[in-house]
Amino acid sequence: MSGQAIIRRPGEGKSVRLAGQPMAFLVTGNDTRHTSMFDWTIPPGFSTGLHVHRVQEETFYVLEGECEWQVGHDHVHATPGTYLFLPPGVPHNIANASGKVARVLMTVSPPGHERYFEELAEIVARGGATDPAMIAELRARYDTDQLTALRG
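Notes on the structure follow. If you're wondering where the values come from, they're calculated on a predicted model, not measured in any experiment.

**With respect to the overall build of the protein**
And then number 1: Within the protein, the regular secondary structure consists of two helices and 11 strands.
And then number 2: When the helices and strands of the protein are listed from N to C terminus, the series reads β-β-β-β-β-β-β-β-β-β-α-α-β.
And then number 3: Since a compact globule built from 152 residues should have a radius of gyration of about 15 Å, the 15 Å found for the protein is in line with a globular shape.
And then number 4: When contacts within the protein are restricted to residue pairs at least 6 apart in sequence, those whose partners lie at least 24 apart make up 68%.
And then number 5: Put simply, the protein shows about 8100 Å² of open surface, and 55% of that area lies on carbon and sulfur atoms.
And then number 6: Computing the positive centroid from 13 side-chain charges and the negative centroid from 17, the protein places the two 5 Å apart.

**Points about the packing of helix H1 (residues 113-125) against helix H2 (residues 132-141)**
And then number 1: Between H1 and H2, whose axes approach to 10 Å, the crossing angle comes to 170°. Judged by the angle between their axes, H1 and H2 are roughly antiparallel. Taking contact as the criterion, the partners of Tyr116, Glu119, Leu120 and Ile123 in H1 are, on H2, Met134, Ile135, Leu138, Arg139 and Arg141.
And then number 2: The residue inventory of the contact of H1 with H2, partitioned by class, reads six nonpolar, no polar and three charged.

**Looking at the nonpolar core**
And then number 1: If you look at the biggest cluster of nonpolar residues, it comprises 29 residues, and the most contacted ones within it are Met23, Trp40, Phe60, Trp69 and Phe117.
And then number 2: If one sorts the elements of this core by residue count, H1 sits on top with five residues.
And then number 3: For Trp40, the contacting residues outside a window of four places in its chain are Pro22, Met23, Phe46, Thr48, Phe60, Ile94, Ala102, Arg103, Val104 and Met106.

**Observations regarding the pairing of strand E6 (residues 67-71)**
And then number 1: The buried fraction of E6 amounts to four of the five residues, a majority that puts the element mostly inside the structure.
And then number 2: The pairing of E6 with strand E7 (residues 74-78) spans five bridges and is classified as antiparallel. In the sheet register, Val71 faces E7, and the bridge partner there is Asp74.
And then number 3: Inspection of the sheet shows E6 paired to strand E9 (residues 92-95) by four bridges, in the antiparallel sense. Residue Val71 lies in a different strand from E9, and its bridge partner there is His92.

**A word on H1**
And then number 1: The terminal C-alpha atoms of H1 lie 18 Å apart, and with 13 residues this matches the ideal 18 Å at 1.5 Å per residue to within 8%.
And then number 2: In this fold, the buried residues of H1 make contact with strand E1 (15-18), strand E2 (21-27), strand E3 (36-42), strand E10 (102-109) and H2.
And then number 3: Looking at the residues trailing H1, positive phi occurs at Gly127, about 80°.

**Topic: the environment of Tyr142**
And then number 1: Take Tyr142: it is sitting in the loop between H2 and strand E11 (145-146).
And then number 2: In the structure, Tyr142 is positioned 113 residues away from Gly29 in sequence and 14 Å away in space, judged by C-alpha atoms.
And then number 3: Apart from residues no more than four positions distant in its own chain, Tyr142 is found in contact with Gln56, Gly112, His113, Arg115, Tyr116 and Glu119.

**So, unusual backbone geometry**
And then number 1: Cis rather than trans, the peptide bond between Ser109 and Pro110 has omega equal to 0°.
And then number 2: Mapped onto the elements, Pro110 comes out in the loop between E10 and H1.
And then number 3: Here the phi dihedral of Ala19 falls at roughly 50°; this positive angle occurs in a residue that is not glycine.
And then number 4: Its location among the elements puts Ala19 in the loop between E1 and E2.

Calculation rules
- Residues numbered from 1 in each chain as written.
- Predicted model: local features only at pLDDT ≥ 70, side-chain atom pairs only at ≥ 80, totals over all residues.
- Heavy atoms only, no water.
- Helix = DSSP H or I, 4+ residues; strand = E, 2+ residues; numbered from the N terminus.
- Rg over C-alpha atoms; globule rule 2.2 N^0.38 Å.
- Contact = heavy atoms within 4.5 Å.
- Areas by Shrake-Rupley, 256 points an atom, 1.4 Å probe, with all protein chains shown as cover.
- Lys, Arg positive; Asp, Glu negative; His and termini not counted.
- Charge placed at Lys NZ, Arg CZ, Asp CG, Glu CD.
- Axes fitted to C-alpha atoms, helices over the stretch in contact; angles between N-to-C directions.
- Parallel < 35°, antiparallel > 145°, perpendicular 65-115°, else oblique.
- Nonpolar A, V, L, I, M, F, W, Y, C, P; charged D, E, K, R; others polar.
- Core = buried A, V, L, I, M, F, W, Y, C linked by side-chain atoms within 4.5 Å.
- Buried < 20%, exposed > 50% of the residue type's maximum accessible area, 1.4 Å probe, protein only.
- Pairing = 2+ DSSP bridges.
- Expected span 1.5 Å × (residues − 1).

Here it is, written out as structure tokens:
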């Protein structure tokens, strides 16, 4: 951690591509002890699948587009300005059921989930069908218990 303020302008800093769309790393565990933050472009039809975290807290704030979220047993049609806080133990699915991309700001506390996204991007970049067992193992290492299949 640098102990310095961080200013990132568009296109600066680390990013990965997930399902063909960019995810910019705004703040990571290299920068802070408390949270990480991502600018995530979610492609049409993408779904994380229902999952739960044992330790992590997450937030989502819709900037553009529309998402369909499942939070516990509730279903939320999320449009720009919709905010979601998820404490540990709440099953959830973050999905874009529309025909256009959606953009969300996402935080994960404690930081470090950027390593999950880096590894996931490497797996997806290999092309072909993604091995569900490989994804399950990856998610288990990063505090994610998958309850239904990832779609994207």
